[in-house]
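# A look at the structure
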Amino acid sequence: MMRTSVNRYVVTRPLYTEDEKKLKVCNPDILSMNALLSLLPIIAWMKIYRLKEWLLGDVVSGVSTGLVAVLQGLAYSLLASLPAWYGLYAAFFPVIIYFFLGTSRHISVGAFPVLSLMIGVVVNRMVPENGPPANITAFEGLTMNEQRAIVAASLTFLIGIFQLAMGLLQVGFIVIYLSDTLISGFTTAAAAHILVSQLKFIFGLHVQGFSGPLSVIYGVFGQITSTNLHDLVTSIVVMVVVLTVKELNERFKSKLPVPIPIEVIMTVIACGVSYAFSFKEYYGVDVVGRIPDQFEAPMAPDLQVFRETSVDAFPMAIVGFAVAFAVAKVYSIKHDYVIDGNQELIAFGASNIFGGAFRSLAASTALSRSSVQESTGGKTQVAGVLSAMIVLVVILALGFLLEPLPKSVLGAVVIVNLKGMLMQVCHVPSLWKKDRPDCVVWIVTCVASILLGLDLGLAVGLGAELIAVVFRTQCPRCCVLANIAGTDIYRDRKDYTSIYEPEGVKIFRIPSPIFFANIDFLRGKLIDAVGFNPLRVLRKRNKALRKIRKLLKKGELTLMSVSPKGLQVMGSLSAEDSEDESSIEDLDLPTDFSDLPVQVNWRAELPANISVPPVDIHSLVLDFSAVSFIDITALNGLKMALKEFIRVDVEVYIVACDPYVFEKLKSCEFFDDEIKTSIFFLTLHDAMLHILQINPPLSVSEKVSKLQHCKGFSVTTTLYDGLFNI
């Protein structure tokens, strides 16, 4: 707050003005239209759709993305332990709903490998290959694949309910708790899980259901002698060719009109070769098999499955949304438009509810597929709808052509698309150099997700991230400030060689909120900064006063008016007299000179060998410019700390305090007879000028001018009357 005083601190600077704000009258019709546009973002971008400029790009992008979506849909359904065609449903039904409700114009909605793998873990748990399935009434009389389809569809429906509820409750901000570091570590671990899960297809083995990466590794290498060489060779050829062409696409992307769809090309070739040479019949190669040429009837979700999978569904809802939102944010920044996190939750929630009713896998987005949609000229979700039409054609008319496709080819495609996620490991050394707490979060999340599973790993990673945040705020980097000579700027004195620190003044900066977890740490740092413990000094002073009273009472100490010391000992203090009979509570009270003939000068030498720790400062300034809040526990601790300094004759000042924090102090009865509102100053320099006014330095010309002769100021100081004409 500003102090009323005859002294003035005048700054000459250009006049800064703020444009006049005009009140806008809200029209109910406008509010209704805004609500409609918020719920149906398609209306907003369809109004600005440039038919001649954008349509061709959307068509090319839609066809290219549709071909990739077909292949990835088939591949990612294997991660969920489902027949291949269920992945195609994820590339159709959710896309239609997102077209109307989504705010991103560039992401490709559909199956996401990490989400598919998480669904596969639940599917394998409830319907294992060996052993009886879970006790679900709807499972009676169904095959294993049909039971698994019910689990996956019900789980997708439940994921959609969670996402829709979060969107309606406006909690899209929850994604901010999943940092880029945490997502990177999590997706790297997920990529490791996916890689391991595809080994059985690469080697052509029939490994039974697994519960973790190590178990499937044991299963694969336990049957390594049964490897199908045709599957292995096919996978290696596909991976080498696809990786090579992808590198060429990346290197020559500026010269290629569209990326070479090498995955689609290799899939077509593999289908032809498998059909021509009868891979399944003669060589035992596992193929995709029958793909129905019609959609299955919609189904209601199973409530028993809901009860069994509710704990699993919530982290899946968060992961699916977080990844999609992160990708959407990248493209929104690149193409300069705004996305709404809450509306994205609503869009994905509705998409997954609709998709789950038609037995689709849970939808999110895949970076590789979204990259194809954007890089091939896609401008809006018209490209997404066209890609869904390509998938529809494949489901209804061309599905039979994919029946001879070896699953090893799909496994190879999945592994190739993991390159980006797996290469995130290479960033760990540089992350360690830049930010070690973030690097620890990455490592903990990755290792926990690999060893404990993706759901528990995500929880552990989130816990590690919150601990890192608490650690940063609980142990902030406090510093002592000093003045840069000739300016009104104050910086950490450790960072500068030529810097002016006023004698008898300490400026302590608190760079974080003050709350129950860091108040003791901050008090410790403050004591280190000033060089003494005020409570210890106060207790020593009160003990000294008690001894002086005893000496005066016994006549062993007399007042000498001519003595420089003021008090002169006339005898010796006995051992019993030196014992302390005061309680700790009495020693913590302010020093009381009311019954003494003089006040004790604690800076002078005391009689009778009485020793009190010295106090080298007369003023303490606390910089609150970075303190955004303070809680009750910290408030009480701060109050006690300030009183301890005040009671040892150190004037305390608080500067640059946020108005919210100041009001909080007032409402919590922070101020009393010892701590007054007058200790608060608007700026640090205001406080320093006030301190130098009441505690003028010995040499005005050499010391005061360093602080007050700032650029743009004219200072004249009269030492004795304390008048500053500035």
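Above this note sits the structure.
Let me begin by describing the structure that accompanies this report. Note that the coordinates shown come from a computational prediction; the quantities given were computed from them, not determined experimentally.

The rules behind the values
Residues numbered from 1 in each chain as written. Predicted model: local features only at pLDDT ≥ 70, side-chain atom pairs only at ≥ 80, totals over all residues. Heavy atoms only, no water. Salt bridge = Lys/Arg side-chain N within 4 Å of Asp/Glu carboxyl O. Buried < 20%, exposed > 50% of the residue type's maximum accessible area, 1.4 Å probe, protein only. Helix = DSSP H or I, 4+ residues; strand = E, 2+ residues; numbered from the N terminus. 1 Å grid on protein atoms, 1.4 Å probe; cavity = no way out; pocket = protein on both sides within 12 Å on 5 of 7 lines; lining within 4 Å. Points joined across faces, edges and corners; volume = space filled by probe spheres on them. Nonpolar A, V, L, I, M, F, W, Y, C, P; charged D, E, K, R; others polar. Pairing = 2+ DSSP bridges. Contact = heavy atoms within 4.5 Å. Axes fitted to C-alpha atoms, helices over the stretch in contact; angles between N-to-C directions. Expected span 1.5 Å × (residues − 1). Polar contact = N/O pair within 3.5 Å; in protein donor to acceptor, adjacent residues only side chain to side chain. Arc of directions from axis to C-beta.

Take the pattern of salt bridges next. Throughout the structure, instances matching the rule amount to 21 salt bridges. Across the salt bridge formed by Glu53 and Arg50, the nearest N and O atoms sit 3.6 Å from each other. The exposure class assigned to Arg50 is partly exposed, which follows from its relative accessible area of 46%. Here Glu374 ties to Lys334 by a salt bridge, and the two come within 3.0 Å at their closest N and O atoms. Taken as a pair, Glu374 in helix H16 (residues 367-375) and Lys334 in helix H14 (residues 303-335) lie far apart in primary sequence, 40 residues in all. Taking the relative accessible area as the measure of exposure, Glu374 reaches 13% and is therefore buried. A single network of salt bridges, built from pairs that share partners, joins Lys639, Lys643, Arg647, Asp672 and Glu674.

The next point concerns empty space enclosed by the protein. Per the counting criterion, the structure on display carries four cavities of 30 Å³ or more. Taken as a whole, the largest cavity spans an internal volume of roughly 90 Å³. Together, Phe508, Ile510, Ile514, Ile519, Leu522, Arg523, Leu526, Leu622, Leu638, Ala641 and Leu642 line the largest cavity. Every element with two or more residues in the lining of the largest cavity is listed here: helix H23 (519-530) and helix H26 (632-646). No other element matches the four residues that H23 contributes to the lining of the largest cavity. Class assignment of the residues belonging to the lining of the largest cavity gives a composition of ten nonpolar, no polar and one charged.

It is worth spelling out the sheet that holds strand S5 (residues 505-509) at this point. Taken in spatial order, the six strands line up as S4-S3-S5-S8-S9-S10 in an open sheet, and their pairing is mixed. Edge strands, defined here as strands with exactly one partner in the open sheet, are strand S4 (490-492) and strand S10 (680-681). In the sheet, strand S3 (residues 479-483) pairs with S5 via three bridges, with the strands oriented antiparallel. By the bridge assignment, Cys479 is partnered in S5 with Arg509. Relative to the sheet, H26 contacts strand S8 (619-623) and strand S9 (651-655), its axis offset from that of S9 by approximately 140°.

Bringing the pairing of S5 into the picture now. Most of S5 is tucked away, with four of its five residues classed as buried. Pairing geometry for S5 and S8, over five bridges, is parallel. Counted as the bridge partner of Lys506 is Leu620 from S8.

Here helix H21 (residues 436-452) is 17 residues long and its end C-alpha atoms lie 23 Å apart, about the 24 Å a rise of 1.5 Å per residue gives. Along H21, the positions that sit buried rather than exposed are Cys439, Val441, Trp442, Thr445, Cys446, Ala448 and Ser449. On its buried face, H21 is in contact with helix H8 (180-197), helix H20 (428-434) and helix H22 (454-474). In this structure Asp435 caps H21, since a side-chain oxygen of it lies 3.3 Å from the backbone nitrogen of Asp438. Immediately beyond the C-terminal end of H21, within one or two residues, lies Gly453, with a positive phi of roughly 105°.

Taking 1.5 Å as the rise per residue, H23 with twelve residues should run 16 Å; its terminal C-alpha atoms sit 17 Å apart, in good agreement. Listed in full, the buried residues belonging to H23 are Ile519, Leu522, Leu526, Ala529 and Val530. One face of H23 carries all of its buried residues, which in axial projection span an arc of 85°. Exposed and facing more than 90 degrees away from the buried side of H23 are Asp520 and Asp528. Close packing links the buried residues of H23 with S3, S5, S8 and H26. At the exit of H23 stands Gly531, carrying a positive phi of roughly 90°.

Keep in mind that these numbers describe shape and distance, not what the molecule does.
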